[in-house]
Amino acid sequence: MLDVKLIERGLERTGKSKGGLARAMGVRAGAVSEILSGIRLIKAAEIPLIVEYLELNSVPIMGRIGAGASIEPDYEQVPPEGLGEVELPFPLAEETIAFEVSGDSMLPKYENGDVIVVYREQRYPLSSFYGEEAAVRLKTGERYLKTVERGNSSGVVNLTSFNAKPINGVKLEWIGEICVTLPRGQIARMRGKTASKGRKAGRSSGGRSSEK
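Residues numbered from 1 in each chain as written. Predicted model: local features only at pLDDT ≥ 70, side-chain atom pairs only at ≥ 80, totals over all residues. Heavy atoms only, no water.

**Student:** How would you explain the overall build of the chain if you had to name every residue and give the values?
**Tutor:** Helix and strand counts for the chain come out as five helices and 10 strands. A separation threshold of at least 6 residues defines the contact pool for the chain, and within that pool the share at least 24 residues apart is 64%. With an accessible surface of roughly 11900 Å², the chain has 51% of that area assigned to carbon and sulfur atoms. (Helix = DSSP H or I, 4+ residues; strand = E, 2+ residues; numbered from the N terminus. Contact = heavy atoms within 4.5 Å. Areas by Shrake-Rupley, 256 points an atom, 1.4 Å probe, with all protein chains shown as cover.)

Given below as structure tokens:
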């Protein structure tokens, strides 16, 4: 559901204005303020316009996640802004980031080039992830896509894969709970659609930058 907090976060994240959002929605300037204050409800036809303008379904790909490969963020050749963005077919209410799967140790469920979308902040304690696949970052810095299993002592886990030897007795710094998995074929189609939309927007604006 599209709520006020999601819209406020979108305005802040993109730096876009309430006036620009009103123009994108095709409503008078004060309508957005009324929505944010709870005076006016969002109409069903306005939801996709808000989502597109505020990029509420865009998630940054912040690097690669090892599924067989060992990803060390300190040495990873990824620009600060990440590897780009993916657009989901729906908005997400909480802050999320994405990683591109590297390796084949989690086949057949995860293929090399798939993208997983995870919650940026760890929302639950370690014990709740036992037996579950997740993005993890070790205390030593490496990043993996693995199944988290209980270790031999408190705070220690074993990381297992479908097609690789387990990594036993490690401590985790962070667990990214997976909320969406996007197959690589779907990613390619999304990127093609986004590129096509960008070319059309460029032609319609005559090369001028759009107003916020």
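**Student:** Before we move on, could you go through the pattern of salt bridges and cite the residues and values that matter?
**Tutor:** What the rule picks out here adds up to 11 salt bridges. Between E34 and R28 there is a salt bridge; the shortest N-O distance is 2.9 Å. In this structure R28 comes out as exposed when scored by relative accessible area, which is 52%. In this structure, the salt-bridge partner of R184 is E111, at a minimum N-O distance of 3.3 Å. Placement of R184 in helix 5 (residues 184-205) and of E111 in the loop between strand 3 (96-102) and strand 4 (115-119) is noted, with a sequence separation of 73 residues between them. One connected set of salt bridges, linked through shared partners, spans R9, E95 and R120. (Salt bridge = Lys/Arg side-chain N within 4 Å of Asp/Glu carboxyl O. Buried < 20%, exposed > 50% of the residue type's maximum accessible area, 1.4 Å probe, protein only.)

**Student:** Run through helix 4 (residues 47-54), naming residues and quoting values.
**Tutor:** Buried within helix 4 are the following residues: I50, V51, Y53 and L54. Residue E55 follows helix 4 closely and has a positive phi angle near 55 degrees.

**Student:** Tell me about the side chain of S58, and please be specific about residues and values.
**Tutor:** Position of S58 relative to the elements: it lies in strand 1 (residues 58-66). A relative accessible area of 11% places S58 in the buried class. With residues near it in sequence (within four places) discarded, S58 still touches E85, V86 and E87.

**Student:** So what's going on with the side chain of E133? Residues and values would help.
**Tutor:** Relative to the helices and strands, E133 is located in strand 5 (residues 132-138). On the basis of relative accessible area, E133 is assigned to the buried category, the value being 17%. Within the structure, E133 has its side chain in polar contact with the side chain of K109 (distance 2.9 Å). In this structure the side chain of E133 is engaged in a polar contact, spanning 2.8 Å, whose partner is the side chain of Y110. Look past the residues within four positions of E133 in its chain and what remains in contact with it is M106, K109, Y110, K146, T147, F162 and I178. (Polar contact = N/O pair within 3.5 Å; in protein donor to acceptor, adjacent residues only side chain to side chain.)

**Student:** Which residues make up unusual backbone geometry, and what values go with them?
**Tutor:** Going from L107 to P108, the amide bond is cis rather than trans, its omega being 5 degrees. The topology assignment puts P108 in the loop between strand 3 and strand 4. A positive phi angle is found at E55, which is not glycine, with a value near 55 degrees. What makes E55 partly exposed here is its relative accessible area of 28%.

**Student:** I'd like a description of the nonpolar core, backed by residues and values.
**Tutor:** Ranked by size, the top nonpolar core spans 15 residues in total, and within it L2, I7, L21, I50, L54 and L56 carry the most contacts. Those elements that place two or more of their residues in this core are helix 1 (4-14), helix 2 (18-25), helix 3 (30-37) and helix 4. Here the element with the most residues in this core is helix 4; it accounts for four residues. Sequence-distant contacts of I7, that is, excluding residues within four places in its chain, are made with L2, L21, I35, L36, I42, I50 and L54. Listed in part, the 13 residues of the second largest apolar core include F99, V101, M106 and Y110. (Core = buried A, V, L, I, M, F, W, Y, C linked by side-chain atoms within 4.5 Å.)

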